[in-house]
Amino acid sequence: MFSKRFVFLILAVFVVLANLVYLAVGSKGGVPVSRLERLTIALVAPFQMAVTRTTDAVQDVWAVYFASVSAARENKMLKKALALATADQNRCRELALENQRLRKFIYFKQAEAQIMVAAKVIARDPSPWFSTMMIDKGNQDGLCKGLPVVAAQGIVGQVVAVAGRYSRVLLITDRNSSVDALVQSTRARGIVQGDNTETCFFDYALRKETVTVGDDIVASGLDQIFPKGVSIGKVVDVKKENSDLFQHVRVKTSVDFNTLEEVLVFVKQTGPTEDVRP
Amino acid sequence: MNALFYLFLSLFLVIVQTTLVPEIAFLNCCFDLLIVNVLYVSLFTSHGIFILYVVALGWTMDCLSGVPSGFYISSYVWIYLFVFMLRHVIHAGNFIFIPVISAGAVAMEHGFLIFTLLVKQDGWFFSTADIVFMGKQIVVGFFMIPLLLVVVNKCKKGWDKKIQRVTGRKMGIRG
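Quick caveat, the model's predicted, so the values are computed rather than measured.

Draft legend 1. Seen up close, a positive patch on the surface. A contiguous patch of positive charge on the surface is contributed by B:Lys154, B:Lys157, B:Lys161, B:Lys162 and B:Arg165. Its location among the elements puts B:Lys162 in helix H6 (residues 128-170).

So, in structure tokens, the structure goes:
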């Protein structure tokens, strides 16, 4: 009834459409993480780890040489800074004691200790259009999907896929990432949204709020993922358009993702809870 | 033995793509290196079984990346099929054919990327910088992929010779 050519054409159109539908479902996150995916990660990640560790070792030798040259000069400066820091530390100790007294006074429980797992970055996303990275800790180390990942400088991202000894982390610079945040000085609220570059957007900050270049942006803790007060970055650009309800704010992340090697994953995260008094 | 060669090649490219390329600043315009692998099998092999190899490559990359599920599988399979079919029309050794299909393959992957991101984000959000970046990758692909294909071809020939020597020795054949 139909020619071979016609059947082939229909089949080809069907295959193309089926593929586009599959891609569309995948784009909307409709395809769940399978065991086979975990297995693939577990098979490839050891090789990635070996190469990353080797290149890190070579870089370290190079860096140590240059570091020792400038160390003597830096030492003098650091001694001065240490003297100032010691004075600051004393002041902070006093404030901590005072804080403790006041907390008791208003019936607050002490925050539970955070359990953190240190992990090494072993690979980056092969696509320049997505910002994820692989770390060498997985569900065998107590990690699961959704846990916050931080570094000494600030927030790194969130665990999105976990295999036995490895996990994939979605960085805050990815377009799919968003973190509820505050301007530290003025407490103006907004959402830090990734842009696949070194800077992020600080969206939904109202025009009436004061946001200035150089302000620190910290996590608000309201998203129930990232601990409150952890640094996200600094404001580098603020634009207020007359017709807009919100300001256009750009934030430079505290963490330099190009040189990031170690991260911490918050395995158990609990904030201060208020005592209910009868 | 051929399977071993392709396993090593793909593992090498996956690791370079995920560990070394993101670390080196001047490689930030580098295209997806696995395209070299896909183009190599579509240009220089005739067995249809290689489509499974291409699917496996795509699956691995999908697992290691934050891309929407199925993105790499779709890109690689369509690149493979497209080049495989074109090969029957144009001679694979044609000096202009390989650079053009190299650039075309990078552009095709970008096409899939634009489609998946449009579906994901519900609308156009690519900036001029993004488009320029894509263009740069296509240009780099035009010049670099043919060179890498030559390198891979040389490696394959070297591998075949070594295997022939080893198997010849085992069978008592003196060359």
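Now that the structure has been shown, the text picks up again.
Draft legend 2. Here's a closer look at the packing of aromatic side chains. All names here are of chain B. Taken as a whole and assessed by the stated rule, the structure comprises 14 aromatic pairs over all chains. Look at Phe8 and Trp159: their rings are 6.1 Å apart centre to centre, the planes differ by 75 degrees, and that puts the pair in the edge-to-face class. Residue Phe8 is found in helix H1 (residues 2-20), and its partner Trp159 is found in helix H6; the two are separated by 151 residues along the sequence. Overall, Trp159 belongs to the partly exposed group, its relative accessible area being 22%. Both rings, one in Tyr40 and one in Phe44, keep their centres 5.1 Å apart while their planes meet at 45 degrees; by these two values the pair is tilted. Pair noted here: Tyr40 and Phe44 are both in helix H2 (residues 34-44), with a separation of four residues, about one helical turn. Among the residues examined, Tyr40 registers a relative accessible area of 3% and is labelled buried. Exposure remark for Phe44: the relative accessible area of 37% places this residue in the partly exposed category. Linked through ring pairs, Phe5, Tyr6, Phe8, Tyr40, Phe44, Phe50, Tyr53 and Trp159 together constitute an aromatic cluster. The ring of Phe5 carries Lys156 above its face, with NZ or CZ at 5.7 Å from the centroid.

Draft legend 3. How the structure looks around the pattern of salt bridges. With the rule as written, the count across this model stands at eleven salt bridges over all chains. For A:Arg175, the salt bridge identified is with B:Asp130, shortest N-O distance 2.8 Å. Of this pair, A:Arg175 sits in the loop between strand S5 (167-171) and strand S6 (178-183) while B:Asp130 sits in helix H6, placing the two residues on different chains. Among the salt bridges present, the one from B:Lys156 reaches B:Asp160, with a minimum N-O distance of 2.9 Å.

Draft legend 4. Fine view of the packing of H2(B) against helix H5 (residues 97-121) of chain B. Residues and elements named next belong to chain B. Here H2 crosses H5 at 130 degrees, and the two axes come no closer than 11 Å. For the element pair H2 / H5, the angle class is oblique. Along this stretch, H2 crosses H5, giving a crossing that reads as right-handed. Residue-level contacts link Ile35, Leu39 and Leu43 of H2 to Phe97, Ile98, Ile101, Ser102, Ala105, Val106 and Glu109 of H5. In terms of residue class, the contact of H2 with H5 is built from eight nonpolar, one polar and one charged.

Draft legend 5. View of the interface of chain B and chain A. Each partner contributes residues to the interface: chain B has 40 residues there, and chain A has 37 residues. For the pair chain B and chain A, the summed buried surface comes to about 3500 Å²; carbon and sulfur atoms form 66% of the total. Of all residues in chain B, B:Trp59, B:Leu64 and B:Ser69 give up the largest surface area on contact with chain A, accounting jointly for 16% of the area buried on that side. Across the chain B-chain A interface, the total number found is one salt bridge. For the pair chain B and chain A, the interface holds eleven residue pairs in polar contact (both at pLDDT 80 or more).

Draft legend 6. Representation of the sheet that holds strand S7 (residues 189-193) of chain A within the structure. Residue and element names in this part refer to chain A. Pairing is antiparallel around the closed barrel formed by six strands, whose spatial order is S6-S7-S8-S11-S10-S9. Each strand axis lies, on average, 40 degrees off the axis of its neighbour in the sheet, ignoring direction. Summarising the sheet, S6 and S7 pair through five bridges and their orientation is antiparallel. For Asp180, the partnering residue across the bridge sits in S7 and is Ile191.

Draft legend 7. Up close: the side chain of B:Gln17. Assignment of secondary structure puts B:Gln17 in helix H1. Residue B:Gln17 is classed as buried on the basis of its relative accessible area of 3%. Among the polar contacts made by the side chain of B:Gln17, one reaches the main-chain amide nitrogen of B:Leu33 at a distance of 2.9 Å. The contact partners of B:Gln17, leaving out residues within four places of it in the chain, are A:Pro126, B:Pro22, B:Phe31, B:Asp32, B:Leu33 and B:Met61.

Draft legend 8. Expanded view of the pairing of strand S11 (residues 248-253) of chain A. Residue and element names in this part refer to chain A. Burial of the side chains of S11 is restricted to one face: Val249, Val251 and Thr253 are buried, whereas none of His248, Arg250 and Lys252 on the reverse face is. Across four bridges, strand S8 (residues 199-203) lies against S11 in antiparallel orientation. When the sheet's bridge partners are listed, Thr199 is paired in S11 with Lys252. Looking at chain direction, strand S10 (residues 231-239) and S11 are connected through six bridges and run antiparallel. Across the sheet, residue Val238 finds its bridge partner in S11, namely Val249.

Draft legend 9. Expanded view of the domain arrangement of chain A. Residues and elements named next belong to chain A. When cut into domains, chain A gives domain 1 (34-110) and domain 2 (114-269). Put simply, the middle of domain 1 and the middle of domain 2, counted by C-alpha atoms, are 17 Å apart. Listed by partner, the interface residues are twelve residues for domain 1 and eleven residues for domain 2. The largest share of the area that domain 1 buries against domain 2 comes from Ile41, Gln48 and Met49, three residues that together contribute 39% of it.

Draft legend 10. Highlighting the confidence of the model for chain A. Residue and element names in this part refer to chain A. Taken over all residues, the pLDDT of chain A has a mean of 83, while the share at 70 or more is 89%. For chain A, helix H1 (residues 4-27) is the element with the lowest average pLDDT, namely 78, and S5 is the one with the highest, namely 93. Low pLDDT, under 50, characterises residues 270-278; the stretch is placed with 13 contacts to residues that sit more than four places away or in other chains.

Procedures and definitions
- Residues numbered from 1 in each chain as written.
- Chains lettered and ligands numbered in written order.
- Predicted model: local features only at pLDDT ≥ 70, side-chain atom pairs only at ≥ 80, totals over all residues.
- Heavy atoms only, no water.
- Patch = residues over 30% accessible without salt bridge, like charges linked within 9 Å, V, L, I, M, F, W, Y side chains within 5 Å.
- Areas by Shrake-Rupley, 256 points an atom, 1.4 Å probe, with all protein chains shown as cover.
- Salt bridge = Lys/Arg side-chain N within 4 Å of Asp/Glu carboxyl O.
- Lys, Arg positive; Asp, Glu negative; His and termini not counted.
- Charge placed at Lys NZ, Arg CZ, Asp CG, Glu CD.
- Helix = DSSP H or I, 4+ residues; strand = E, 2+ residues; numbered from the N terminus.
- Phe/Tyr/Trp six-rings, centres within 6.5 Å; stacked < 30°, edge-to-face > 60°.
- Buried < 20%, exposed > 50% of the residue type's maximum accessible area, 1.4 Å probe, protein only.
- Lys NZ or Arg CZ within 6 Å of the ring centre and 35° of its normal.
- Axes fitted to C-alpha atoms, helices over the stretch in contact; angles between N-to-C directions.
- Parallel < 35°, antiparallel > 145°, perpendicular 65-115°, else oblique.
- Left-handed = near helix turned anticlockwise from the far one by under 90°.
- Contact = heavy atoms within 4.5 Å.
- Nonpolar A, V, L, I, M, F, W, Y, C, P; charged D, E, K, R; others polar.
- Buried area = accessible area lost by both parts, 1.4 Å probe.
- Polar contact = N/O pair within 3.5 Å; in protein donor to acceptor, adjacent residues only side chain to side chain.
- Pairing = 2+ DSSP bridges.
- Domains from an automatic or database assignment.
- pLDDT = per-residue confidence, 0-100.

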